[in-house]
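Architecture and fold: a report
One letter stands for each residue in the lines below.
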Amino acid sequence: AQTIHQWPVAEIKAVGSPLSLGCTIKGKSSPNLYWYWQATGGTLQQLFYSITVGQVESVVQLNLSASRPKDDQFILSTEKLLLSHSGFYLCAWSFWGSAETLYFGSGTRLTVL
Amino acid sequence: GDSVTQTEGLVTLTEGLPVMLNCTYQSTYSPFLFWYVQHLNEAPKLLLKSFTDNKRPEHQGFHATLHKSSSSFHLQKSSAQLSDSALYYCALTHQGTGSKLSFGKGAKLTVSP
C-alpha cells in the first residue's frame, strides 16, 4: 500500500526566515507529485507539480520554489517567508491509471508571524 | 480552459434533511469530475469520482451523476448526518494530463441537530 508522509506537521516561523517543507511517497514508483496551498478559510490552490525526478512545473509561485531530488521526495521551500505564506500546505500524488485521483498527505500548518 | 463552479460558502442543514451541493463545469475535453471532502484540520479525501461509463458513483450515502448535457456533477445525499459537516470541493481534470486538477471554491456544510 502506498503511504505519503509530510513533515513537519506544523511550523511557526518569523517573517523573513527560510522554510523547507517535505513529503515522501512510499510504495509507488514514479508518481506525479503536487504541492497545494490553502489559506485559512480559502480554497485549494495548486502551486507546483512534478511528473519526474528533477522536473518541477510552477503553477503559482507565491515566492516559493519546489524541487524533486528523488523519485519519492518533493520539497517546498523559500529563503524568505512573508506573512501571506501562512496557511495549510498539502502534498499530493497521483499516478497513471488512477484516473487522475489525487491522494493528499496530512498537511503542514504554517504560521508566519 | 477548464473551470469549476460549485455551491460555495456556508451551507447549513438540519440533520435528516437532504443534501444538494451543485457543481457545473466548463471543459474543452472530456473530463473526470471529483468530489473531495475535508474535515476540520484534516487533508482532503476523495469522496466520489465520475465514471466514463455513466455509472453513478456512491460512497457513504453520497452520490453524484455526471450529466454531460448540462455539464454538471451535483452531489446529493438523501439524509444529512452530523458527521457530514465538512468542506466539500468539486474538482475537474482530463485523462492523461497528470498535472492539473481544477478545484471549485468549496462549500462548508454544517449539519445541526
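As the structure is a computational prediction, the values presented were derived from the model and not from experiment. (Residues numbered from 1 in each chain as written. Chains lettered and ligands numbered in written order. Predicted model: local features only at pLDDT ≥ 70, side-chain atom pairs only at ≥ 80, totals over all residues. Heavy atoms only, no water.)

**Re the sheet that holds strand S3 (residues 19–26) of chain A**
All names here are of chain A. Taken together, 4 strands build an open sheet; the order of strands is S1-S3-S8-S7 and the sheet is antiparallel. The open sheet has two free edges, formed respectively by strand S1 (3–7) and strand S7 (65–70), since each of these has just one partner strand. Averaged over all pairs of adjacent strands, the angle between their axes in this sheet comes to 20°, without regard to strand direction. Bridge analysis of S3 against strand S8 (residues 73–78) gives 6 bridges, and the strand direction is antiparallel. Counterpart to Thr24 in the pairing with S8 is Gln73. (Pairing = 2+ DSSP bridges. Helix = DSSP H or I, 4+ residues; strand = E, 2+ residues; numbered from the N terminus. Axes fitted to C-alpha atoms, helices over the stretch in contact; angles between N-to-C directions.)

**Let's talk about unusual backbone geometry**
Residue Pro8 of chain A is reached from Trp7 of chain A by a cis peptide bond, and omega for that bond is -10°. Looking at the secondary structure, you find Pro8 of chain A in the loop between S1 and strand S2 (10–13). The backbone of Ser30 of chain A sits at a positive phi, close to 50°, despite the residue not being glycine. Mapping Ser30 of chain A onto the fold places it in the loop between S3 and strand S4 (32–38). Its identity is not glycine, yet Gln60 of chain B carries a phi of approximately 55°, on the positive side. On the secondary structure map, Gln60 of chain B appears in the loop between strand S7 (58–59) and strand S8 (62–64). Among the residues examined, Gln60 of chain B registers a relative accessible area of 56% and is labelled exposed. (Buried < 20%, exposed > 50% of the residue type's maximum accessible area, 1.4 Å probe, protein only.)

**Some details on the packing of aromatic side chains**
Counted under the stated rule, the structure contains 11 aromatic pairs over all chains. Residues Phe62 of chain B and Tyr88 of chain B carry aromatic rings whose centres are separated by 5.7 Å and whose planes lie at 45° to one another, so their mutual orientation is tilted. Taken together, the positions of Phe62 of chain B in strand S8 and Tyr88 of chain B in strand S10 (residues 86–94) put the pair 26 residues apart, joining distant regions of the chain. When its relative accessible area of 1% is taken as the criterion, Phe62 of chain B is described as buried. Overall, Tyr88 of chain B belongs to the buried group, its relative accessible area being 2%. Aromatic ring contacts, followed pair by pair, group Tyr34, Tyr36 and Phe104 of chain A together with Phe34, Tyr36, Tyr89 and Phe103 of chain B into a single cluster. One Lys or Arg, Arg109 of chain A, reaches over the ring of Phe88 of chain A and ends 4.3 Å from the middle of that ring. (Phe/Tyr/Trp six-rings, centres within 6.5 Å; stacked < 30°, edge-to-face > 60°. Lys NZ or Arg CZ within 6 Å of the ring centre and 35° of its normal.)

**A closer look at the environment of Tyr89 of chain A**
Residue and element names in this part refer to chain A. Along the polypeptide, Tyr89 turns up in strand S9 (residues 87–94). Not counting chain neighbours up to four residues away, the residues in contact with Tyr89 comprise Gln6, Leu21, Trp35, Tyr36, Trp37, Leu47, Leu64, Leu76, Gly107, Thr108 and Leu110. In terms of polar contacts, Tyr89 uses its side chain to reach the backbone carbonyl oxygen of His85, at 2.6 Å. (Contact = heavy atoms within 4.5 Å. Polar contact = N/O pair within 3.5 Å; in protein donor to acceptor, adjacent residues only side chain to side chain.)

**Concerning the interface of chain B and chain A**
Across the boundary between the two partners, chain B contributes 24 residues, which contact 23 residues of chain A. Where chain B packs against chain A, one counts 0 salt bridges. Those elements that place two or more of their residues in the side of chain B that touches chain A are strand S5 (31–38), strand S6 (45–49) and S10 of chain B. A class-by-class count of the residues in the side of chain B that touches chain A yields 10 nonpolar, 10 polar and 4 charged. (Salt bridge = Lys/Arg side-chain N within 4 Å of Asp/Glu carboxyl O. Nonpolar A, V, L, I, M, F, W, Y, C, P; charged D, E, K, R; others polar.)

**Comments concerning the pattern of salt bridges**
Residues and elements named next belong to chain A. Under the criterion given, the structure shown has 3 salt bridges over all chains. One salt bridge connects Lys26 with Asp72, and the closest N-O pair in it is separated by 2.7 Å. Residue Lys26 is found in strand S3, and its partner Asp72 is found in the loop between S7 and S8; the two are separated by 46 residues along the sequence. Ionic pairing is found between Asp71 and Arg68, a salt bridge with its closest N-O pair at 3.3 Å.

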